[in-house]
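# Descriptive analysis of the structure
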Amino acid sequence: MGVCGEPRPWSPAAKVRGLGAGAGPAAEGGPAPGQGHRPGTEGRGGAATARRAGRGGDRRGRGAPRSPSRAPRPSALAIRGAGLAGRGGGPAAAASPRGWSPGRQPAARAVGAPGAAMELWPWLIAALLLLLLLAQLSRSARFYAKIGLYCAFCFTASAMAAVVCLLRHGGRTVENMRIISWFVRSFKYAYGLRFEVKGRETLDEDRPCVIISNHQSILDMMGLMEVLPDRCVQIAKRELLFLGPVGLIMYLGGVLFINRQHSQTAMSVMTDVGERMVREKLKVWIYPEGTRNDNGDLLPFKKGAFYLAIQAQVPIIPVVYSSFSSFYSCKTKLFTSGTIQVEVLDAIPTRGLTVADVPKLLDTCHQAMRTHFLHISKTPQENGAPLGPDAQEAQ
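Residues numbered from 1 in each chain as written. Predicted model: local features only at pLDDT ≥ 70, side-chain atom pairs only at ≥ 80, totals over all residues. Heavy atoms only, no water.

Taking an unreviewed UniProt entry as the reference, the chain is identified by name as 1-acyl-sn-glycerol-3-phosphate acyltransferase belonging to Bos mutus grunniens. On record in UniProt, under Function (unreviewed entry), the comment for the chain is "Converts 1-acyl-sn-glycerol-3-phosphate (lysophosphatidic acid or LPA) into 1,2-diacyl-sn-glycerol-3-phosphate (phosphatidic acid or PA) by incorporating an acyl moiety at the sn-2 position of the glycerol backbone." (UniProt positions renumbered as here; feature names shortened; annotations may be inferred.)

### Examining the confidence of the model for the chain
Confidence in the prediction for the chain averages 74 pLDDT; 64% of positions are at 70 or higher. Element-level pLDDT for the chain is lowest in helix H1 (residues 12-17), with a mean of 47, against a maximum mean of 95 in strand S6 (residues 316-321). Taken together, the stretch residues 106-111 has pLDDT below 50 and engages in one contact with residues farther than four places along the chain or on a different chain. (pLDDT = per-residue confidence, 0-100. Helix = DSSP H or I, 4+ residues; strand = E, 2+ residues; numbered from the N terminus. Contact = heavy atoms within 4.5 Å.)

### Brief notes about the pairing of strand S3 (residues 232-237)
On any regular strand, side chains alternate: one points to one face of the sheet, the next to the other face. Summarising burial for S3: five of the six residues are buried, a large majority. Here S3 pairs with strand S5 (residues 283-286) via three bridges, running parallel. The residue bridging Gln-234 from the neighbouring strand is Trp-285, located in S5. Note: S3 against strand S4 (residues 256-258), three bridges, orientation parallel. Across the sheet, the residue bridging to Ile-235 is Leu-256, located in S4. Following the backbone out of S3, through helix H11 (residues 245-252) and into the adjacent parallel S4, one traces a crossover that is right-handed. (Buried < 20%, exposed > 50% of the residue type's maximum accessible area, 1.4 Å probe, protein only. Pairing = 2+ DSSP bridges. Right-handed = clockwise from strand over helix to strand, strands pointing away.)

### Here's the deal with the environment of Thr-156
Mapping Thr-156 onto the fold places it in helix H6 (residues 139-169). When its relative accessible area of 45% is taken as the criterion, Thr-156 is described as partly exposed. For Thr-156 and Pro-245, which are 89 residues apart along the polypeptide, the C-alpha to C-alpha distance reads 8.0 Å. Only 2.8 Å separates the side chain of Thr-156 from the backbone oxygen of Ala-152, close enough to count as a polar contact. (Polar contact = N/O pair within 3.5 Å; in protein donor to acceptor, adjacent residues only side chain to side chain.)

### Here we look at the packing of aromatic side chains
Here the structure, examined in full by the defined rule, presents 12 aromatic pairs. Ring centres 5.4 Å apart and planes at 80° place the aromatic pair Phe-143 and Tyr-144 in the edge-to-face group. By relative accessible area, Phe-143 is classed as buried at 5%. With a centroid separation of 5.2 Å and 90° between ring planes, the pair formed by Trp-182 and Phe-183 is classed as edge-to-face. Through pairs of rings, three or more aromatic residues link up here, namely Phe-143, Tyr-144, Tyr-150, Phe-153, Phe-187, Tyr-191, Tyr-328 and Phe-335. Seen from the ring of Phe-335, Lys-146 lies directly overhead, with NZ or CZ sitting 5.6 Å from the centre. Across the ring face of Phe-143, the terminal group of Lys-333 is positioned such that the distance to the ring centre comes to 5.9 Å. (Phe/Tyr/Trp six-rings, centres within 6.5 Å; stacked < 30°, edge-to-face > 60°. Lys NZ or Arg CZ within 6 Å of the ring centre and 35° of its normal.)

Structure representation (structure tokens):
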């Protein structure tokens, strides 16, 4: 090193002088070029370098992780804690020599869920067997079980039919009644019911009309769908609109809802129905009794259907269903299989009639339907009314 701090040029002589400590500019730990060799220097420098390397190695040794081959063996307590953690998790899992993973505990708890479900199966099977036993021993249990199944069928079929109607037609239209009818007609196979229909061709005529029929129970829906003609809508009370899937499918099928508590609103709806019926060539199905009746006879008719027929100047077609009392009765809790007779009577014209003729038209239809009802039902009446042969048939 010169006076000014500049390095002296390297020469071969310097290489000869510095052989003891390393030669050339690239010699690591040697003297700078141009400097002479100092005796003892390499010894002191080598020892210091070794001491520094030893201290650095100790530090690296203390901070570096141990190799797996030299890891300490787990104690018996740690092994036992790991076993407990594997079975149920918990604080003992912290004693595992390899560390406890938080993800293991949910898996261990999830294993118990199927076990709990398996414990419930015997109780569910026992409850089902008990219900079946009660259904065999108790007539009331059988009745309510079948009614509950019928309601379940209605809700399930309504939900499925609603999806099909929305996919097929996209909304509310009378054409959806074909889809609804297909679903409901399948109910009769589950209950062993048969329908024998006479005069169906009268309903199939392509003309607007008012169809009236007797109303006995919730099973009337199956009878309605059994003979329902094309482009036919029903008049129903407004409360049915709020029966979940059933109300939805009725709305999609074009059912017309009226509020029976407000007569003015109901009359305005019927007026609109009359105009629409003629314009679109619709058939309208009405239960003139206004409510279900299972007393073995017909109730007095209400006038709404007859006002509608006269207003639109369309014929009235009566449809009579035989009594359900031979296989269905709420009073005696009877619900078995059976056959239902259905008769479609001849159309009763209303051309030229006025509102003043409503009472006469109502009485004519009531007498005709009652005569056929008593004849095809062949059951004695609770109210003492005469049977078919003694009843006077309306012209």
